Amino acid sequence: MSEQVKKPIKITETVLRDAHQSLIATRMPTEFMLPIAEKMDQVGYHSVECWGGATFDASLRFLKEDPWDRLRKLRDRFKKTKLQMLFRGQNILGYRPYADDVVDAFVQKSIANGIDIIRIFDCLNDLRNLQEAVNATNRMKQQEGRGHAQVALSYTLGDAYTLEYWTDMAKKIEEMGADSICIKDMAGLLVPYKAAELISAMKSATKLPIQLHTHYTSGVAGMTYLKAVEAGVDVIDTAMSPFAMGTSQPATEVMVETFKGTPYDTGFDQNLLAEIADYFRPYRDECLKNGLLNPKVMGVDIKTLLYQVPGGMLSNMVSQLKEQNAEDRYYDVLQEIPKVRKDLGEPPLVTPSSQIVGTQAVFNVLMGERYKMATKETKAVLRGEYGQTVKPMNQEVIDKVIPGETRITCRYADMLENEMDKLEGEMKEWKQQDEDVLSYALFPQVATDFFKYRQAQQEKVDMTQADTKNGAYPV
C-alpha cells in the first residue's frame, strides 16, 4: 500500500445541517453554531454543509429565525471553508414544484449570501427537475466566479435500480453540465461491497468527482465508506461524533482515524476535532434530557434495509404518531411504507417523497382502510406533478384516488407561469429584503407568521401580550 499514490479522502462535515436534521428534527439554533464556526474553519474540510434541506422551514417555523441571516452569519465566520446546501430541484426547499423564475432567484440569492456548493436532487431522480437549478448555478458561476452544481442521485433498491441504471444516470448528469455527482443514500441501504461495485462502475462511466452520502441507520455506514474510498470515491459526508451515528452520518473523527497512515489520510488534527466535539457534547446531553433527541433514532435498525426509511423520516413519523396517541402503531406504519411506495411507482424515499409516502402510510394504518383518505401530495404524485417514476404506478390506486383525472407526462414546471412578481405582490407589506419574497414563496403561512414576529421584535412588543398561536403581536 505504501507504493500507492496519495489520494487524501475529502470530507464534508454535516453537523450544522443533516446531522441535527436527522437526530433532533433540525432544531439546532444559529446562536449555538456561531461560537464554534471559526474553529471548524481550521479543520480543512472539503465543505461544511450548513443550509438547505429542512433547516429553512425549521428556522422560520420553530426557531423564529431568518434562515438567510443564519447563512450570512456563517459565511462571515467561515473564511476558508466552502459552504454547502441541499436543494430539492424544482421543489427548492418546499413541498411543491416551483416555476423556473423562483428556482433561478433562489439559486442566485443562495450563492450571493454565501453558498459555494449546491447539492441538487430530485425525489424521483427525474433529471428534468434538476436541469434548471444546474443551469442557474452555472450562470452564477460565470457571473460571480462562485457556485458549484452537484447533482445528487437518491440511492435506493428495487428491480429497476441496476448498475446500468446508475451508470447511465452518471453519464446524463455529466452531459447536463454538473460539476460533480453525489450518491445520496438516505436510509443506509448501500452495503459495503455493493458500494465498491457502484463506485467502480460510476468512476468508469464519468470523469466527474463522486461524493458519497449515507446514514448510520442500518449500522453499515462506516464500512460502506471504507470500501467506497478504496474504490475511488472522492468525498464522504461525516458528522462530529456527538451528533453522529444512529440516523445521522458516521463520526468524522472515526473516519479520520481509519484512514490515518494510508494513502487516503485526511491530514486532519484529531486534537482540533476533539475540541470541536467537546463543544457539541453538552448540547447533545441537553437534547437527550429535554426529549429532543429520542433514543429510538440513535440505535441500529436493521429493518431499514427492508423498509427503506431515511433518518429524518423516522423521527417525523414518531412525532406524527405521538400527536395521534398512536405510538403503538409504529411497526404497522413501517410495514405499510413499502406497500405505499410500490403503489406510487417505487420512488426513492427522500424529501419530499419520503414525507408523502410516510404520511400516506400513517393515514392508511390509522384510518383502517388503505387510501380512504389521500393527501393532496399523494394525489399530485399520482397525477405526475412530481415527475416520472422508474416503475408504473398502481392503476387501482390511481382509479380510487384520482378517478378520471388527466395525468401529466411533461416536466411539470413547463406548465407553470412565472411566479415571482405575483408572490412579491402578495407579501409586499412584509418585505424588508429581496430574500423575504423567497421565504414567502416556499412557506407562505409560516413566513408570514415569522414576518409578524420579526416586526414585533423590531418594534419591541411585549411578547407576554402577544397571541403567538394565531400570529398576532399587538404593538
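Source: prediction; values computed, not measured.

Enquirer: Explanation requested: the overall build of the protein in the structure shown.
Expert: Scanning the protein from N- to C-terminus turns up 20 helices and eight strands. Against the globule reference of 23 Å for 475 residues, the protein gives a C-alpha radius of gyration of 22 Å, in line with a compact fold. Taken over the C-alpha atoms alone, the protein extends approximately 65 × 55 × 50 Å along its principal axes. In the protein, which comprises 475 residues, the share counted as buried stands at 59%. By element, 49% of the accessible surface of the protein is carried by carbon and sulfur atoms, the whole surface being about 19,600 Å².

Enquirer: Explain the nonpolar core here, please?
Expert: For soluble globular proteins, nonpolar side chains are generally found buried alongside one another. Core analysis: the biggest nonpolar cluster contains 147 residues, and L16, M40, F87, F106, F280 and I337 have the highest contact counts within it. Ranked by residues supplied to this core, first place goes to helix α11 (residues 270-290) with seven residues. Discounting residues that sit within four places of it in the chain, F87 has contacts with I92, L93, V103, F106, V107, I118, R119, I120, F121 and A133.

Enquirer: What's the story with the environment of G177 in this structure? I'm lost.
Expert: Inspection of the secondary structure assignment puts G177 in the loop between α7 (163-176) and β6 (180-184). The class for G177 is partly exposed, based on a relative accessible area of 29%. Once the C-alpha coordinates of G177 and M420 are considered, the two residues, 243 residues apart in sequence, prove to be 26 Å apart. The contact partners of G177, leaving out residues within four places of it in the chain, are V134 and N138.

Enquirer: What's the story with the sheet that holds strand β5 (residues 148-154) in this structure? I'm lost.
Expert: Picture the strands of a sheet paired through backbone hydrogen bonds; they go either parallel or antiparallel. Read around the closed barrel, eight strands run β1-β2-β3-β4-β5-β6-β7-β8, paired in parallel fashion. On average, adjacent strands in this sheet sit at an angle of 30° to one another, irrespective of strand direction. As defined by bridge partners, strand β7 (residues 210-213) adjoins strand β8 (residues 235-238) across two bridges and the pair is classed as parallel. Within β8, the residue paired with Q211 across the bridge is V235. Taken strand by strand, helix α4 (residues 67-77) contacts β2 (47-52) and β3 (82-87), and its axis lies near 165° from that of β2. Most of the contacts of helix α8 (residues 192-205) go to β6, to which it runs at about 160°, and overall it touches β5, β6 and β7.

Enquirer: What exactly am I supposed to notice about helix α5 (residues 100-112) here?
Expert: Counting along an α-helix, one turn takes 3.6 residues, and residues three or four places apart therefore face a common direction. Over its 13 residues, α5 runs 18 Å from end to end, which matches the ideal 18 Å to within 8%, given 1.5 Å per residue. Here α5 lies mainly inside the structure; 10 of its 13 residues are buried. Within α5, burial applies to D100, D101, V102, V103, A105, F106, V107, K109, S110 and I111. Taken from the residues just after α5, G114 is the one with a positive phi, measuring 135°.

Enquirer: Quick question: what am I supposed to make of unusual backbone geometry here?
Expert: Among all residues except glycine, the phi angle is most often negative; among peptide bonds, the trans geometry is most common. Of note in this structure, T26 is not a glycine but carries a positive phi near 65°. Secondary-structure assignment places T26 in the loop between α1 (18-24) and α2 (30-40).

Enquirer: What is the right way to look at the state of the cysteines in this model?
Expert: Note on terminology: disulfide describes a covalent bond linking the sulfur atoms of two cysteines. Here the structure, examined in full by the defined rule, presents zero disulfides. In this model C123 remains outside any disulfide bridge; the closest cysteine sulfur is found in C182, 16 Å from its own. On the accessibility criterion, C123 (3% relative accessible area) is buried. In this structure C287 is a free cysteine whose sulfur lies 19 Å from that of C50, the closest cysteine sulfur available.

Enquirer: Would you mind showing me how to read the side chain of Q433 here?
Expert: Counting through the fold element by element, Q433 comes out in the loop between α18 (420-427) and α19 (434-442). The buried category is assigned to Q433, whose relative accessible area is 16%. With residues up to four places along the chain from it excluded, the contact list for Q433 reads D66, W68, R72 and R454.

Enquirer: Is there a simple way to explain the pairing of β2 in this structure?
Expert: Looking along a regular strand, one sees the side chains alternate between the two faces of the sheet. Within β2, six of the six residues are buried, which leaves the element mostly enclosed by the surrounding structure. Pairing between strand β1 (residues 10-13) and β2: two bridges, direction parallel. Its bridge partner being in β2, T12 is matched across the sheet by S47.

Enquirer: Please clarify how the packing of aromatic side chains should be interpreted in this entry.
Expert: In total, this model carries 22 aromatic pairs according to the counting rule given. Centroid distance Y165 to W166: 4.8 Å. Interplanar angle 80°. Geometry classified as edge-to-face. A single burial state applies to Y165 and to W166, both of which are buried. The ring of F62 is capped by R27, whose NZ or CZ atom sits 3.7 Å from the centre of that ring.

Enquirer: Please clarify how the pattern of salt bridges should be interpreted in this entry.
Expert: Pairing between side chains becomes possible if they bear opposite charge and their charged atoms approach one another. With the rule as written, the count across this model stands at 36 salt bridges. In this structure, the salt-bridge partner of D116 is R75, at a minimum N-O distance of 2.6 Å. Here D116 is found in the loop between α5 and β4 (117-121), whereas its partner R75 is found in helix α4, with 41 residues between them in sequence. No difference in accessibility class separates D116 from R75, as the two residues are buried. Between R139 and D104 there is a salt bridge, and its shortest N-O distance comes to 3.3 Å. Of the two residues, R139 sits in helix α6 (residues 131-144) while D104 sits in helix α5, which places them 35 residues apart along the sequence. Since its relative accessible area comes to 35%, R139 is described here as partly exposed. Since its relative accessible area comes to 24%, D104 is described here as partly exposed.

Enquirer: Even after reading the chapter, I still don't get helix α14 (residues 330-343), so can you show me in this structure?
Expert: The terminal C-alpha atoms of α14, which comprises 14 residues, lie 20 Å apart, in line with the 20 Å expected from a rise of 1.5 Å per residue. Along α14, the helix axis deviates most sharply at E336, where the bend reaches about 25°; the proline P338 sits within four residues downstream. Among the residues of α14, those classed as buried are Y330, V333, L334, E336, I337, V340, R341 and D343. Immediately beyond the C-terminal end of α14, within one or two residues, lies G345, with a positive phi of roughly 90°.

Criteria and thresholds
- All residue numbers here refer to positions counted from 1 along the written sequence of the relevant chain.
- Given that the model is predicted, a residue must reach a pLDDT of at least 70 before its local features are reported, and side-chain atom pairs must reach 80 or more before they are shown or counted; all residues, however, enter totals for whole chains, interfaces and linings.
- To obtain the side-chain values, all non-hydrogen atoms of the structure were used and water was disregarded.
- A run of H or I in DSSP becomes a helix once it reaches four residues, and a run of E becomes a strand once it reaches two; helices and strands are each numbered from the N terminus.
- Computation of the radius of gyration draws on C-alpha atoms alone. For the globule rule, the value is 2.2 Å times the number of residues to the power 0.38.
- Each residue gets one of three labels from its accessible area relative to the maximum for its type: buried under 20%, exposed over 50%, partly exposed in between, using a 1.4 Å probe on protein chains only.
- Note on areas: these come from Shrake-Rupley sampling with a 1.4 Å probe, and a residue is covered only by the protein chains present in the view.
- Note on terminology: a nonpolar core comprises buried Ala, Val, Leu, Ile, Met, Phe, Trp, Tyr and Cys residues joined through side-chain atoms within 4.5 Å.
- Two residues qualify as a contact provided that any one of their heavy atoms is within 4.5 Å of a heavy atom in the partner residue.
- Here a strand pair is declared whenever DSSP counts at least two bridges between the two strands.
- For every element, the axis is a line fit to its C-alpha atoms; helices are fit only across the contacting stretch, and the angle between N-to-C directions ranges from 0 to 180 degrees.
- The span one expects for a helix is its residue count, reduced by one, times 1.5 Å.
- What counts as a disulfide here is a pair of cysteine sulfur atoms lying within 2.5 Å.
- Pairing of aromatic side chains requires ring centres within 6.5 Å, counting the rings of Phe and Tyr and the six-membered ring of Trp. Pairs whose planes differ by under 30 degrees are stacked, by over 60 edge-to-face, and all others tilted.
- Our definition puts a charge over a ring when NZ of Lys or CZ of Arg is within 6 Å of the ring centre and also within 35 degrees of the ring normal.
- When a carboxyl oxygen of Asp or Glu lies within 4 Å of a side-chain nitrogen of Lys or Arg, that pair is called a salt bridge.
- Note on bend: at a given residue it equals the angle between the axes fitted to the 7 residues ending there and to the 7 starting there.

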